[in-house]
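Residue-level structural notes
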Amino acid sequence: MSEVGRRNFLVGAGAAAVGVAATGTLGGTAVAQDAGQQEVAAVSLPAATVKPGDARYIDLVRGTNPRWIGAPEQVRVVNSTAQVVAAVQDAVTAGKQIGVRSGGHCYEDFVYSGKQVVLDLSELDDIGYDPAVNAISVGAGANLFQVYEALYRVWGVIIPGGSCGTVGAGGHISGGGYGLSSRQFGLTVDYLYGVEVVVVDASGKAKSVIATREANDPNRDLWWAHTGGGGGNFGVITRFLLKSRTATGTDPSTFLPKPPSEIFISSVALNWADITQADFTRVVDNFGKWHEQNSAPNSPYAGLFGLLKLNKRTFDPATKVVGGQVALLTQSDATAPNARKLLDDYLNAVFAGVQAQRTASVAQTGHHPALAQFDEPQRLPWLNGTYALSGGGWEFRGDYKSAYLRKGHTVEQIAATYQALATTDYNNPNALVQIDSYGCKINAVGSADTAVPQRDSVMKLQYQVYWKDPAEDAKHLQWFRNFYSSVYGSTGGVPVPNAVTDGCYVNYPDIDLSDPSFNKSGVSWSTLYYKGNYAKLRQVKAKYDPRNIFRHRQSIEP
């Protein structure tokens, strides 16, 4: 396999363009050969075992959320599929429970809780073309920025993944993978040709399996399970194989979608000091109705993705100053016909009838920036624009919840959202619900074609709260749970699939969904995530992980 990664860059990565033939990786060393059989060796890293007492340990037992800090007996930093097989076999033989970390962005304590051995895949990040399967190969430890940069700079293609660049491919893709290009191109799993997974059979033997979407592949069901079934359920993903269903030939530059050369970035807001309940209601209702009307697969607005950030209102009793904003960030295809008019018409539709004055979006809330410099839409090259809208942060404790919407919010849902965000009883500027655009090309795929069942929604919501002091955990979690429960009060406190709502996103895992004192709907967490696809996921689990080696608090049940 010819590879482009942080460590490995081989001339064979350009084989389709310059006539270089590439061999595979063997023993951690990749070799490419040209017509004259000249060998080019790439430097590779050995496996490493980090235990308590090692200076590196504390960095390797936490991710982005400092609420979750583990205490495993060891962290195995692996650099090849063979090293993963060996690490898994050692753990199984010793009877140790295994956790797997890709980018460290898990929203619950699924990676470290109760795990004796954690596999750190962050160095398993090679990216390149694999001629053996005729697909682009992405290591499960590569983060999204590494993937975007390599694919775009080398072949001019992308995957429609998320906007937070430090998220690892391993969890992001296996859970479905969506982002600002998804309305235009679909979900990342819509381009998943195959997956390489280290599984453990009934005898306790670890082995590597490649599963593809080919109709005659005996492991096709394992491929399907990784098109939205979530990470940590069936085995250890070592790499993804990417290629669109319509791709032909052997040129990687034709395997994945090409993004627009330029995009518009817009960021405008309303100050909470100026917002009435009527204004708030109008904006949320307008945003929802616009998406109801403009989310068909062939919509001229498929290249437009909006993020409506409903930030918490704050109030300073000493100065009587009201703070916070409702901000609208938008990315749109600047090369589409009438692109600027489409963007202007959308902005006008969202703010139609609102009395509060639009202003620059200046708040910095949670993981996503609000960008004052884009209050007037700016035209940027695609990669620069992608950087501009990226988010991140490792210093905040946090909690998250999600919902899919098939239609705009009901009147009752908007009122409950307003009451929670406008209250003066809770004064945290780092709390919000972000409403993301959805639909269009995402909804051109059937609900059972991949493991992602939500294929007729038009919006996707991420509820977020951040804080720094561990002593305040209970205060923030209580407000957050009450907020979410109040919005979905008519369906037992959670977004039960019905005509308006359509469950939750597995990549925003929420352990509260398993708690009947919180989830009073009578609908299980598995149905909220997977709907009718759950029975098939359990069959795949039984086949490929019969000993239930790979498990966490919301893993696929045996």
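Look a little higher up for the structure.
Values in this document were obtained by computation on a predicted structure and should not be read as measured data.

**A closer look at the overall build of the protein chain**
The helix and strand tally for the protein chain stands at 14 helices and 25 strands. Burial analysis of the protein chain (558 residues in total) assigns 61% to the buried set. A separation of at least 24 residues holds for 71% of the contacts in the protein chain among residues at least 6 apart in sequence. Just so you have it, the protein chain exposes about 20,500 Å², and 52% of that area is on carbon and sulfur atoms.

**Quick notes on the pattern of salt bridges**
Applying the stated rule across the entire model yields 24 salt bridges. Between Arg 340 and Asp 344 there is a salt bridge, with the nearest N and O atoms lying 2.9 Å from each other. Taken as a pair, Arg 340 and Asp 344 lie in helix 9 (residues 339–350) at a separation of 4 residues, close to a single helical turn. On the basis of relative accessible area, Asp 344 is assigned to the partly exposed category, the value being 26%. Of the charged contacts in the structure, one is a salt bridge between Asp 512 and Arg 481, with a shortest N-O distance of 2.8 Å. With Asp 512 in the loop between helix 12 (473–487) and helix 13 (525–530) and Arg 481 in helix 12, this residue pair connects regions lying 31 residues apart in the sequence. Overall, Asp 512 belongs to the buried group, its relative accessible area being 7%. Via salt bridges that share partners, Lys 401, Arg 481, Asp 510 and Asp 512 belong to a single interconnected network.

**So, the layout of surface pockets**
Counted as a void, the second largest pocket has a volume near 200 Å³. If you go around the second largest pocket, you meet 15 residues; those closest to its centre are Val 189, Asp 190, Tyr 191, Arg 245 and Val 445. Grouping the amino acids of the lining of the second largest pocket by side-chain chemistry returns 6 nonpolar, 4 polar and 5 charged. Each of domain 1 (44–259) and domain 2 (262–535) gives at least three residues to the lining of the second largest pocket.

**Let's talk about the side chain of Asn 507**
With respect to the helices and strands, the residue Asn 507 is situated in the loop between helix 12 and helix 13. One polar contact links the side chain of Asn 507 to the main-chain carbonyl oxygen of His 172, over a distance of 3.0 Å. Setting aside anything within four residues of it in sequence, one finds Asn 507 in contact with Tyr 107, Gly 171, His 172, Gly 175, Gly 176 and Gly 177.

**Some points on the nonpolar core**
In terms of nonpolar packing, the biggest core is built from 151 residues, with Val 88, Phe 280 and Tyr 346 touching the most fellow members. Broken down by element, this core gets its largest block of residues, 7 residues, from helix 4 (residues 144–155). The residue makeup of this core includes at least three contributed by each of domain 1 (44–259) and domain 2 (262–535). With sequence-adjacent residues up to four places away left out, Phe 280 is seen in contact with Trp 272, Ile 275, Leu 310, Val 326, Ile 414, Thr 417, Tyr 418 and Leu 421. Ranked by size, the runner-up nonpolar core spans 9 residues in total, among them Val 50, Tyr 57, Leu 60 and Tyr 112.

**Considering the packing of aromatic side chains**
Considering all chains together, one arrives at 31 aromatic pairs under this definition. Seen from their ring centres, Tyr 463 and Tyr 488 are 6.1 Å apart, and the 75° between their planes marks the pair as edge-to-face. Linking Tyr 463 in strand 25 (residues 459–467) with Tyr 488 in the loop between helix 12 and helix 13, this pair joins segments that are 25 residues apart in sequence. A residue is classified by how much of its surface remains accessible, and Tyr 463, at 1% relative accessible area, is buried. Here Trp 525 and Tyr 534 contribute two aromatic rings whose centre-to-centre distance is 6.0 Å and whose plane-to-plane angle is 70°, an arrangement assigned as edge-to-face. Taking the relative accessible area as the measure of exposure, Tyr 534 reaches 8% and is therefore buried.

**Focus on the sheet that holds strand 5 (residues 48–50)**
Taken in spatial order, the 4 strands line up as 5-6-8-7 in an open sheet, and their pairing is mixed. In the strand order of this sheet, the two ends are held by strand 5 and strand 7 (98–101), each with one partner. Within the sheet, the average angular offset between the axes of one strand and its neighbour, ignoring direction, is 25°. Pairing geometry for strand 5 and strand 6 (residues 74–77), over 3 bridges, is antiparallel. Bridged to Val 50 within strand 6 is Val 75.

**Examining empty space enclosed by the protein**
Enumeration according to the criterion identifies 4 cavities of 30 Å³ or more in this entry. By volume, the second largest cavity amounts to about 130 Å³. If you go around the second largest cavity, you meet 13 residues; those closest to its centre are Gly 161, Gly 162, Leu 180, Ser 181 and Thr 386. Looking at the lining of the second largest cavity residue by residue, the class counts come to 7 nonpolar, 6 polar and no charged. When residues of the lining of the second largest cavity are assigned to domains, at least three fall in each of domain 1 (44–259) and domain 2 (262–535).

**What about helix 9?**
An α-helical segment advances 3.6 residues per turn. Residues three or four places apart therefore align on the same side. Taking 1.5 Å of rise per residue, the 12 residues of helix 9 would be expected to cover 16 Å, and the 17 Å separating its terminal C-alpha atoms lies within 8% of that figure. For helix 9, the full list of buried residues reads Ala 339, Leu 342, Leu 343, Tyr 346, Leu 347 and Val 350. Seen along its axis, helix 9 keeps its buried residues to an arc of 130°; they face one direction.

**With respect to the packing of helix 11 (residues 411–422) against helix 12**
The geometry of helix 11 relative to helix 12 is characterised by a closest axis approach of 8 Å and an angle of 160° between their N-to-C directions. With respect to their mutual orientation, helix 11 and helix 12 come out roughly antiparallel. The handedness of the crossing between helix 11 and helix 12 is right-handed. Residue-level inspection shows Gln 413, Ala 416, Thr 417, Ala 420 and Leu 421 of helix 11 in contact with helix 12, the latter providing Trp 479, Phe 483, Ser 486 and Val 487.

**Examining unusual backbone geometry**
In this model, Asn 338 sits at a positive phi of 60°, which is unusual for a non-glycine residue. Examined against the element boundaries, Asn 338 turns out to sit in the loop between strand 18 (325–333) and helix 9. Using a relative accessible area of 58% as the deciding quantity, one classes Asn 338 as exposed.

Definitions and cut-offs
- Residues numbered from 1 in each chain as written.
- Predicted model: local features only at pLDDT ≥ 70, side-chain atom pairs only at ≥ 80, totals over all residues.
- Heavy atoms only, no water.
- Helix = DSSP H or I, 4+ residues; strand = E, 2+ residues; numbered from the N terminus.
- Buried < 20%, exposed > 50% of the residue type's maximum accessible area, 1.4 Å probe, protein only.
- Contact = heavy atoms within 4.5 Å.
- Areas by Shrake-Rupley, 256 points an atom, 1.4 Å probe, with all protein chains shown as cover.
- Salt bridge = Lys/Arg side-chain N within 4 Å of Asp/Glu carboxyl O.
- 1 Å grid on protein atoms, 1.4 Å probe; cavity = no way out; pocket = protein on both sides within 12 Å on 5 of 7 lines; lining within 4 Å.
- Points joined across faces, edges and corners; volume = space filled by probe spheres on them.
- Nonpolar A, V, L, I, M, F, W, Y, C, P; charged D, E, K, R; others polar.
- Domains from an automatic or database assignment.
- Polar contact = N/O pair within 3.5 Å; in protein donor to acceptor, adjacent residues only side chain to side chain.
- Core = buried A, V, L, I, M, F, W, Y, C linked by side-chain atoms within 4.5 Å.
- Phe/Tyr/Trp six-rings, centres within 6.5 Å; stacked < 30°, edge-to-face > 60°.
- Pairing = 2+ DSSP bridges.
- Axes fitted to C-alpha atoms, helices over the stretch in contact; angles between N-to-C directions.
- Expected span 1.5 Å × (residues − 1).
- Arc of directions from axis to C-beta.
- Parallel < 35°, antiparallel > 145°, perpendicular 65-115°, else oblique.
- Left-handed = near helix turned anticlockwise from the far one by under 90°.

Interpretation in functional terms is not warranted from these geometric data alone.
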